Amino acid sequence: MSEANASATRITPGNALRPEDIALEVRTGLVKPSEDVAEYALRLGDDALILAQRLGHWISRAPELEEDIALGNIALDQLGHARSFLTYAGAGMLNEDGTAKSEDDLAYFRREHEFRSVQLFEQPNGDFAETIARQFVVSYYQYELYRRLTESTDATLAAIAAKAVKEVDYHRDHSTQWVLRLAGGTEESRTRMIHGLRTMWPYVNELFQDDELTQRLAEAGAAVAPSSLKEDFDRLVAGVLTEAELEVPDVPAAPGGGRQGRHSEHLGYILAEMQVLAREHPGASW
Amino acid sequence: MAAQNLQSVPAELTPEEDAAGQAHFDRIIAEDSRIEPRYWMPAAYRRTLLRQVSQHAHSEIIGMQPEANWISRAPSLKRKAILMAKVQDEAGHGLYLYSAAETLGQSRDKMMDDLIAGKARYSSIFNYPALTWADMGAIGWLVDGAAICNQVPLCRASYGPYGRAMVRVCKEESFHQRQGFEILLELSNGTPAQKQMAQDAVNRWYAPALMMFGPPDDDSPNSKQSMAWNIKRFSNDELRSRFVGMMVEQVRVLGLTLPDDQIRFNEDTRKWEHGPLDWHEFQEVLAGRGPCNAQRLERRRAAHDDGAWVREAAAAYAAKQSAKQQKEYAA
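Quick caveat, the model's predicted, so the values are computed rather than measured. (Residues numbered from 1 in each chain as written. Chains lettered and ligands numbered in written order. Predicted model: local features only at pLDDT ≥ 70, side-chain atom pairs only at ≥ 80, totals over all residues. Heavy atoms only, no water.)

A few points about the overall build of chain A
Phase 1: Scanning chain A from N- to C-terminus turns up ten helices and zero strands.
Phase 2: From first element to last, N terminus to C terminus, chain A shows the α and β order α-α-α-α-α-α-α-α-α-α.
Phase 3: Along the longest, intermediate and shortest principal axes, the C-alpha atoms of chain A span 60 × 45 × 40 Å.
Phase 4: Residues classed as buried in chain A amount to 58% of the 286 residues present.
Phase 5: Counting only contacts in chain A whose residues sit at least 6 apart along the sequence, the fraction spanning at least 24 positions is 79%.
Phase 6: For chain A, the distance from the average position of its 28 positive side-chain charges to the average position of its 47 negative side-chain charges is 2 Å. (Helix = DSSP H or I, 4+ residues; strand = E, 2+ residues; numbered from the N terminus. Buried < 20%, exposed > 50% of the residue type's maximum accessible area, 1.4 Å probe, protein only. Contact = heavy atoms within 4.5 Å. Lys, Arg positive; Asp, Glu negative; His and termini not counted. Charge placed at Lys NZ, Arg CZ, Asp CG, Glu CD.)

Digging into the interface of chain B and chain A
Phase 1: Facing 46 residues of chain B, the contacting portion of chain A comprises 48 residues.
Phase 2: Both sides together, the interface formed by chain B and chain A hides about 4000 Å², and carbon and sulfur atoms give 66% of it.
Phase 3: Together, Leu77, Gln88 and Trp309 of chain B form the three largest contributors to the area buried by chain B at its contact with chain A, with a combined 20%.
Phase 4: At the boundary of chain B and chain A, one finds two salt bridges.
Phase 5: In this structure, the salt-bridge partner of Glu64 of chain A is Arg108 of chain B, at a minimum N-O distance of 3.0 Å.
Phase 6: Applying the counting rule to chain B against chain A returns 17 residue pairs in polar contact (both at pLDDT 80 or more).
Phase 7: In terms of residue count, helix H3 (residues 77-102) of chain B provides more of the side of chain B that touches chain A than any other element does, 14 residues in total.
Phase 8: Per-class residue counts for the side of chain B that touches chain A are 27 nonpolar, eight polar and eleven charged. (Buried area = accessible area lost by both parts, 1.4 Å probe. Salt bridge = Lys/Arg side-chain N within 4 Å of Asp/Glu carboxyl O. Polar contact = N/O pair within 3.5 Å; in protein donor to acceptor, adjacent residues only side chain to side chain. Nonpolar A, V, L, I, M, F, W, Y, C, P; charged D, E, K, R; others polar.)

A short note on the pattern of salt bridges
All names here are of chain A.
Phase 1: By the definition in use, this model includes 35 salt bridges over all chains.
Phase 2: With a shortest N-O distance of 3.0 Å, Asp21 and Arg18 are connected by a salt bridge.
Phase 3: Linking Asp46 and Arg110 is a salt bridge whose minimum nitrogen-to-oxygen distance equals 2.7 Å. In this pair, Asp46 is assigned in helix H2 (residues 35-56) and Arg110 in the loop between helix H4 (103-108) and helix H5 (128-149), connecting sequence segments 64 residues apart. Of the two residues, Asp46 and Arg110, both sit in the buried class.
Phase 4: Members of the salt-bridge network, linked through shared partners, are Glu144, Arg147, Arg148, Asp232 and Arg235.

Thoughts on the nonpolar core
Phase 1: The biggest cluster of nonpolar side chains holds 189 residues, and the ones touching the most others in it are Tyr40 of chain A together with Trp133 and Trp141 of chain B.
Phase 2: Beyond its immediate chain neighbours, meaning those up to four positions away, Trp141 of chain B contacts Gln177, Gly180, Phe181, Leu184, Val202, Met247, Gln250, Val251, Leu254 and Leu258 of chain B. (Core = buried A, V, L, I, M, F, W, Y, C linked by side-chain atoms within 4.5 Å.)

Some words on helix H6 (residues 155-184) of chain A
All names here are of chain A.
Phase 1: Taking 1.5 Å per residue as the helical rise, H6 with its 30 residues ought to reach 44 Å, and the 43 Å between its terminal C-alpha atoms agrees with that figure.
Phase 2: A bend of about 30 degrees at Val165 is the largest found in H6.
Phase 3: For H6, the N-terminal capping position is held by Asp154, with its side-chain oxygen 3.1 Å away from the main-chain nitrogen of Thr156. (Expected span 1.5 Å × (residues − 1). Bend = angle between axes of the 7 residues up to and from the residue.)

Observations regarding the environment of Gly118 of chain B
Phase 1: Position of Gly118 of chain B relative to the elements: it lies in the loop between helix H4 (108-116) and helix H5 (134-151).
Phase 2: For Gly118 of chain B, a relative accessible area of 44% translates into the label partly exposed.

Quick word on the confidence of the model for chain A
In regions of low pLDDT, the predicted coordinates are not meant to be interpreted in detail.
Phase 1: When the pLDDT values of chain A are averaged, the result is 94; 94% of them are 70 or greater.
Phase 2: Predicted confidence for residues 1-6 of chain A stays below pLDDT 50, and this span has one contact to residues more than four positions away or in other chains. (pLDDT = per-residue confidence, 0-100.)

Description of the side chain of Asp154 of chain A
All names here are of chain A.
Phase 1: Topologically, Asp154 is positioned in the loop between H5 and H6.
Phase 2: Buried charge Asp154 goes without a salt bridge, the closest partner of opposite sign being Lys32 at 11 Å.
Phase 3: In this structure the side chain of Asp154 is engaged in a polar contact, spanning 3.0 Å, whose partner is the backbone nitrogen of Leu157.

What about a negative patch on the surface?
Phase 1: A contiguous patch of negative charge, built from Glu12, Glu16, Glu17 and Asp18 of chain B, is present on the exposed surface.
Phase 2: With respect to the helices and strands, the residue Glu17 of chain B is situated in helix H1 (residues 15-31). (Patch = residues over 30% accessible without salt bridge, like charges linked within 9 Å, V, L, I, M, F, W, Y side chains within 5 Å. Areas by Shrake-Rupley, 256 points an atom, 1.4 Å probe, with all protein chains shown as cover.)

Observations regarding H5 of chain A
Residues and elements named next belong to chain A.
Phase 1: Across its 22 residues, H5 extends 30 Å between first and last C-alpha, which sits within 8% of the 32 Å expected from 1.5 Å per residue.
Phase 2: By the criterion of burial, H5 is predominantly enclosed, with 20 of the 22 residues buried.
Phase 3: The N-capping residue of H5, defined by a side-chain oxygen 3.1 Å from the backbone nitrogen of Ala129, is Asp127.

Focus on the packing of aromatic side chains
All names here are of chain B.
Phase 1: In total, this model carries 13 aromatic pairs over all chains according to the counting rule given.
Phase 2: For the pair Trp279 and Phe282, a centre-to-centre distance of 5.1 Å together with 80 degrees between the ring planes defines the contact as edge-to-face. You can see Trp279 and its partner Phe282 sitting in helix H10 (residues 279-289), three residues apart, about one turn around the helix.
Phase 3: The partly exposed category is assigned to Trp279, whose relative accessible area is 21%. (Phe/Tyr/Trp six-rings, centres within 6.5 Å; stacked < 30°, edge-to-face > 60°.)

Below, the structure written as structure tokens:
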């Protein structure tokens, strides 16, 4: 790369972007999201954070050591994406002292109704089949989302997505393999897999709902309209379910509302546990 | 599933073959080279290693629990990520070590069954509770620090698969120790409450960490044979003394103290000495009467039992797929 082409910013789609890189660029004023982009990044960051918190619980409790490692890996990937999105979101939100909010300000010092994650991500782990069902839906959704987001006119969103999409591709493979195994394994595993899919499916609808924010951002080319993902999602998910000789569950959709801060009863407990120590020592550094 | 990769245990040998095998084994030990899984080895050597390597694997797996206990409450997202990666590394260590143990002729399933049945041992340090966030620092610094002192010499253990597994394990452990040190350093330089939390954790983990090296040399009956077989390179007391010396240096940098006012460097022996340890407590914890023995085993048992249907499904699916492939191949 010649000097002339070298960007002042590390944020390019091909770069292995770390949350610390984004934090540095935020501090030095190289990147600053618009208010809309910050809100959008907050949504995606919250999704990934809440899922990481859920998946982290499996570490030391999985059915096989290999799954302790695999689910731990997925949790770590999600946590990495969350940290990047939240760091970027925070750059557009100010603390009372005028500094940009950090990933930790956002993760530990917001209340339940201020979280913007959709309800699928906060659903309990349940048994292994429920966790796999949730992961299966999430991975196909996130893959389609991040794949498109790499084209975002917002360079930071595009760069975060470029890193995330490669990782989520593995999550897709992992959950697909397990859907096939559990559906085609024993009678019990098949029954549990069907139950898992039915438990998670009411929350699928909410993933694809547009609102004013996503419409504005999609028109500007910065974000992806959630509704535009549905066709590919439906087709790819149906393909796996057909191979597993399963049907797309026919269950009523839950009302949703996570993007507006309306959550299921589960989120409060997740946050109580996640935030307890940080809130005991406000202002402390760890 | 794990049993399929087993190396076959050698069939009955004639006395002449045994004698030739013993001579070969003795030569390798004398040369300080490595014994490999297919070589002849004395039954007692095999038993000793199987016990040691499987106990080591169990320690990694049970050792995940006290730290996994804090993943959900880690006070910053960066610390959460580091802790998750660390506990995941431990699962990885368990995997290498179970694989190394399998080369001695026992399946991972059997080892896991023994662990859950309470027939197998693991490092008694993991039967102490991780009560505060500072325990993540103290476990990394003291417990992983002691583990490294123990394990670096094991990289040269005479049994090849064990020595090679330890090379990889040690690299990651030294990273773990550094992150533990960093947690404590941050706390020590933090608020008074954070500093107190750090000192309290060091106070609680210090003596149990020292006891990780095993009983004093005059009360460690198996050590001599293990040293003759080039499995163990240094005595328990020797390693303990070396560890105390390292910690004395590092605790100053941390701005904390060790809860032992009898630590001193003995100019005559050129060794570090420490205050008396409560070996009765050690024996109690080892015998299953520590603060968390029942809880740790119950958690492992629950994970194993809850996952049984998943493992059965995976095995059934694999069998069906392989039958399908064979049928397609035949057609």
